[in-house]
Amino acid sequence: MGSGKVRRCLRYTKKFGDDFLHKPYLCGALAAASFLAGVSCRSTMKNIDEDHRDSHSYARPEEVRVRHVELDLEADFAQKVLRGTATLSLKRVVADAPLRLDTEGLSISRVETSQNGRDWADAKFELGPADKILGAALTVPLPAEATLARVHYGTGPKASALQWLEPAQTAGKKLPFLFTQSEAIHARSWIPLQDSPGVRITYSAHIKTPKELMAVMSAEQDPQGTRDGDYFFRLRQPVAPYLIALAIGDLAFQPMSERTGVWAEPSVVAKAAAEFNDTEKMMQAVESLYGPYQWERYDLLVLPPSFPYGGMENPKLTFATPTVLAGDKSLVALVAHELAHSWSGNLVTNATWRDFWLNEGFTVYLERRIQEKVFGQQRAEMEEVNEINELSEEMKRLAPADQILHIDLNGRDPDDGSTLVPYVKGSLFLRQLEQTFGRDRFDEFLRGYFTHFQFQSITTGDFVAYLHKNLLDASPELAAKIPLDEWLTKPGMPSGIALPHSEAFAKVAQLASGWIARSVKTAALPAKAWSTQEWVYFLREVAPKLDASKMRDLDDAFHLTTTANAEVTSPWLVLAVRYQYAAASTRLEEYLTTVGRMRLIEPLYRELAKTADGKKKALAIYAKAKPGYHPLTVGAVETLLKP
């Protein structure tokens, strides 16, 4: 590296401090780390530097960086608000720079600063105008020696991260429930902080609740703790703000191993523990591949059905939907996925939301590897093929710009980037690396990657630099087979990639073809022995040539309308809407008013919205269902049903 380029790197390091120092390849390996092959070192520096600037945060951590958040909050279920303080420990980089925080809908009553944590003085503060995506910036001028800021505040009635449930919306029907969902940029709706995945923080919390309720967080907690309405938590490992999570309700705990267990409402906890009792095996499987679990405990919290996602990888405490409790462990890929996030996402985190594929693509790849070790290759292959089919269908609806892994989200809600592209396309990219370089070599690469970047937030540029240095550059002939630019910056899928195949699905496809042609009778289908994955694949295969009569034959034989398996119910009800299968009409309304998981209900609203009568029915059902939907689900459904 020439002396002029070295000086430029030193200037960046001086300007940004350890915010820049933790990017080990920004200087020394810039030539090899070009984000696009053939780009000059200077251009690469510009691209990578811009990538680190989070367009979804008002914060300027290169000037003042939040290192720790201490919460002292009380949950008011009557008013549906959290009230209290957030005390922020600060690292001052630029002496006279103000503290800039992200907020959304918060009521700020007072801000104080201190240099020692004992003596506090009121500080001036300014809450900027509210942006519909970013919320409002909170700016606090800081005295010269201040290292702490304490914000007194309350949450708003429509906080996007909070869902307050009435007793009737819970399993027990007696006590209310609250849970948070902070990803992507919703932490700012319940905590004033630097809400960027590039700003890793530790946190502690004192949470007050009604005495009959239990509080849990994504932090250290005592599974045998007393239910007294007064709870304390601490997370010592630095994480991105979207991983701060809180739930309050009528909760019980059941252990599954020395370091795993399940939290859930009392009527659900035993069923959940039985469903998830392979969790320890999964942990051991991924540890054998990619290094030790770094978070002490791994517990799961099964939430009420309004939870908008399948799971959320909050450290130490995965939040999970009850829709995976199928009774046969057929849907525990979700646990494998959220557990894998303990390495890809929580340990090594996307620094900005355009790098989201670094979280999810890696996690889907690890999920497959866990599935192979614990449940066998056939199960892993079926899961992968079904997800690729879903990706193929979704890409037909996506604009080309939204099919890109390194997606441009400037001026957009980062939730817009949460499609199957970062998940499945990202995992297929890693799959091609594995196939090209060999599994053993690629496993060694991944293990080194997780060790090297542990407890850091990185960009796509950082990954590409590490990929070049530790895999591609050592084997130019093999590297030439990887269309890196095409994978990361182009829409669609690279041509010529080898997609997975499932022998089990080949048999299902043959039966589906015969059944449609009536050469295979309904009674002859071995469907009672099929897994969830085989049923989903079968329904996809027969979908183009179904009619209400054929659906009646299937329903009479296999009772699909009344199945308790949520993953089978969703595609079945989509077909019921499409082919006007009236026998499933009541079940459709019941499903949409009791399930809040977006992945399962969005296809139903989308199918209903294709016709005038269907849309009228969808609006009527939605009016009943809306009070039980999470704010994120409300936004998604209303987008589908808008005029």
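First, a word on scope: everything that follows refers to the structure included in this document. (Residues numbered from 1 in each chain as written. Predicted model: local features only at pLDDT ≥ 70, side-chain atom pairs only at ≥ 80, totals over all residues. Heavy atoms only, no water.)

1. What about the layout of surface pockets?
Piece 1. Taken as a whole, the second largest pocket encloses approximately 960 Å³ of empty space.
Piece 2. Lining the second largest pocket are 45 residues, and of these Pro322, Thr323, Ala564, Ala566 and Val595 lie nearest its centre.
Piece 3. Of all the elements in the fold, those that place two or more residues in the lining of the second largest pocket are α4 (266-275), α15 (532-542), α16 (548-558), α17 (566-578) and α18 (585-594).
Piece 4. With six residues, the top contributor of residues to the lining of the second largest pocket is α18.
Piece 5. Among the residues forming the lining of the second largest pocket, the class breakdown is 25 nonpolar, 13 polar and seven charged. (1 Å grid on protein atoms, 1.4 Å probe; cavity = no way out; pocket = protein on both sides within 12 Å on 5 of 7 lines; lining within 4 Å. Points joined across faces, edges and corners; volume = space filled by probe spheres on them. Helix = DSSP H or I, 4+ residues; strand = E, 2+ residues; numbered from the N terminus. Nonpolar A, V, L, I, M, F, W, Y, C, P; charged D, E, K, R; others polar.)

2. Digging into empty space enclosed by the protein
Piece 1. Summed over all chains, the structure comprises two cavities of 30 Å³ or more.
Piece 2. The space that makes up the largest cavity amounts to roughly 40 Å³.
Piece 3. Trp353, Phe356, Trp357, Asp402, Ile404, Leu405, Ile407, Gly417, Thr419, Val421 and Pro422 together form the lining of the largest cavity.
Piece 4. Empty space within the second largest cavity amounts to approximately 30 Å³.
Piece 5. Lining the second largest cavity we find Thr170, Gly172, Lys173, Lys174, Leu175, Pro176, Phe177, Asp250 and Glu265.
Piece 6. Grouping the amino acids of the lining of the second largest cavity by side-chain chemistry returns three nonpolar, two polar and four charged.

3. Examining the packing of aromatic side chains
Piece 1. Taken as a whole and assessed by the stated rule, the structure comprises 38 aromatic pairs.
Piece 2. Aromatic side chains tryptophan 535 and phenylalanine 558 sit 5.3 Å apart centroid to centroid with 70 degrees between the ring planes, which places their arrangement in the edge-to-face category. Taken together, the residues tryptophan 535 in helix α15 and phenylalanine 558 in helix α16 connect sequence positions 23 residues apart.
Piece 3. Note on tyrosine 622 and tyrosine 629: the rings are 6.1 Å apart at their centroids and 35 degrees apart in plane angle, and the pair reads as tilted. Taken individually, tyrosine 622 and tyrosine 629 each receive the classification buried, so the pair is uniform in this respect.
Piece 4. Taking the ring centre of tryptophan 120 as reference, the NZ or CZ of arginine 150 above it sits at 3.9 Å.
Piece 5. Here arginine 379 stacks its cationic end above the ring of phenylalanine 375, 4.5 Å away from the centre of that ring. (Phe/Tyr/Trp six-rings, centres within 6.5 Å; stacked < 30°, edge-to-face > 60°. Buried < 20%, exposed > 50% of the residue type's maximum accessible area, 1.4 Å probe, protein only. Lys NZ or Arg CZ within 6 Å of the ring centre and 35° of its normal.)

4. Some words on the pattern of salt bridges
Close approach of charged atoms lets side chains of opposite charge pair.
Piece 1. Inspection of every chain in the model, using the stated rule, returns 38 salt bridges.
Piece 2. Arginine 412 is the partner of aspartate 402 in a salt bridge, and the nearest nitrogen-oxygen pair spans 2.7 Å. With aspartate 402 in the loop between α8 (377-397) and α9 (420-437) and arginine 412 in the loop between α8 and α9, the pair connects residues that are ten residues apart, well separated along the chain.
Piece 3. For aspartate 402, a relative accessible area of 13% translates into the label buried.
Piece 4. By relative accessible area, arginine 412 is classed as partly exposed at 25%.
Piece 5. For the salt bridge of arginine 439 with glutamate 434, the shortest nitrogen-to-oxygen distance reads 3.4 Å.
Piece 6. Relative accessible area serves as the criterion here: at 30%, arginine 439 is assigned to the partly exposed category.
Piece 7. Glutamate 434 gets classed as buried once you look at its relative accessible area, which sits at 12%.
Piece 8. Because the salt bridges share partners, they merge into one network encompassing Arg110, Glu112, Asp122 and Arg150. (Salt bridge = Lys/Arg side-chain N within 4 Å of Asp/Glu carboxyl O.)

5. Remarks on the sheet that holds strand β9 (residues 162-165)
Piece 1. Strand order in the open sheet made by the four strands is β9-β10-β14-β12, with antiparallel pairing throughout. Each edge of the open sheet carries a strand with a single partner, namely β9 and β12 (214-217). Averaged over all neighbouring strand pairs, the angle between strand axes comes to 10 degrees, with direction disregarded. (Pairing = 2+ DSSP bridges. Axes fitted to C-alpha atoms, helices over the stretch in contact; angles between N-to-C directions.)

6. Concerning the side chain of histidine 630
Piece 1. Relative to the elements of secondary structure, histidine 630 occurs in the loop between α20 (612-625) and α21 (631-641).
Piece 2. Within the structure, the side chain of histidine 630 is placed 3.0 Å from the backbone nitrogen of leucine 632, a separation counted as a polar contact.
Piece 3. Residues within four places of histidine 630 in sequence aside, it is in contact with Ser160, Ala161, Gln163, Phe179, Gln181, Ser306 and Pro308. (Polar contact = N/O pair within 3.5 Å; in protein donor to acceptor, adjacent residues only side chain to side chain. Contact = heavy atoms within 4.5 Å.)

7. Details of the sheet that holds strand β16 (residues 260-264)
Piece 1. If you trace the five strands from one edge of the open sheet to the other, you get β15-β16-β17-β19-β18, paired in mixed fashion. Single-partner strands in this sheet number two, and they are β15 (252-257) and β18 (311-312).
Piece 2. Lying over the sheet, α4 contacts β15, β16 and β17 (298-302), oriented at roughly 10 degrees with respect to β15.

8. Let's talk about α17
Piece 1. For α17, which comprises 13 residues, the first-to-last C-alpha distance of 19 Å matches the rise-based estimate of 18 Å (1.5 Å per residue) to within 8%.
Piece 2. Counting buried positions along α17 yields eleven of 13 residues, so the element is predominantly enclosed.
Piece 3. Along α17, the residues that are buried comprise Ala566, Glu567, Val568, Thr569, Ser570, Trp572, Leu573, Val574, Leu575, Ala576 and Val577.
Piece 4. Elements that come into contact with the buried residues of α17 comprise α15, α16, α18 and α19 (598-608).
Piece 5. The opening residue of α17, the one whose side-chain oxygen lies 3.0 Å from the backbone nitrogen of glutamate 567, is asparagine 565. (Expected span 1.5 Å × (residues − 1).)

9. Thoughts on the environment of serine 513
Piece 1. Residue position: serine 513 is located in helix α14 (residues 503-516).
Piece 2. The exposure class of serine 513 is partly exposed, given its relative accessible area of 49%.

10. Remarks on the nonpolar core
Piece 1. Core analysis: the largest hydrophobic core is formed by 143 residues, its most contacted members being Trp190 and Phe429.
Piece 2. The dominant element in this core, judged by the number of residues it contributes, is α9, at seven residues.
Piece 3. Counting 50 residues, the second largest nonpolar core, distinct from the first, contains Met382, Trp515, Ala543 and Phe558. (Core = buried A, V, L, I, M, F, W, Y, C linked by side-chain atoms within 4.5 Å.)

11. With respect to the pairing of strand β19 (residues 317-320)
Piece 1. What you see with β19 is no split at all: Leu317 and Phe319 on one side and Thr318 and Ala320 on the other are buried throughout.
Piece 2. Across four bridges, β17 lies against β19 in parallel orientation. Bridge assignment links aspartate 299 to a residue of β19, and that residue is leucine 317.
Piece 3. Count of turn residues in the β18/β19 antiparallel hairpin: four residues, of which lysine 316 carries a positive phi of about 70 degrees.

12. Some thoughts on the packing of helix α6 (residues 333-340) against helix α7 (residues 357-375)
In helix packing, the relevant descriptors are the interaxial angle and the interaxial distance, both defined with respect to the helix axes.
Piece 1. Between α6 and α7, the shortest axis-to-axis distance is 8 Å and the interhelical angle comes to 125 degrees. Here α6 lies oblique to α7, going by the angle between them. The two elements α6 and α7 meet at a crossing, and its hand is right-handed. Between α6 and α7, the contacting residues are Ala333, Ala336, His337 and Ala340 on the first element and Glu360, Thr363, Val364, Leu366, Glu367, Ile370 and Gln371 on the second.
Piece 2. The residue inventory of the contact of α6 with α7, partitioned by class, reads six nonpolar, three polar and two charged. (Parallel < 35°, antiparallel > 145°, perpendicular 65-115°, else oblique. Left-handed = near helix turned anticlockwise from the far one by under 90°.)

13. Let's talk about α19
Piece 1. Turning to α19, its buried residues number three or more, namely Met598, Leu600, Ile601, Leu604, Tyr605, Glu607 and Leu608.
Piece 2. On its buried face, α19 sits against α17, α18, α20 and α21.

14. What to know about the pairing of strand β11 (residues 201-208)
Piece 1. Of all eight residues in β11, seven are buried, a share of seventy percent or more.
Piece 2. Sheet topology note: the strand β1 (residues 64-76)/β11 ladder contains seven bridges and is parallel. The residue bridging leucine 71 from the neighbouring strand is alanine 205, located in β11.
Piece 3. Across seven bridges, the pairing between β11 and strand β13 (residues 230-239) is antiparallel. Within the sheet, the bridge partner assigned to lysine 208 lies in β13 and is aspartate 230.

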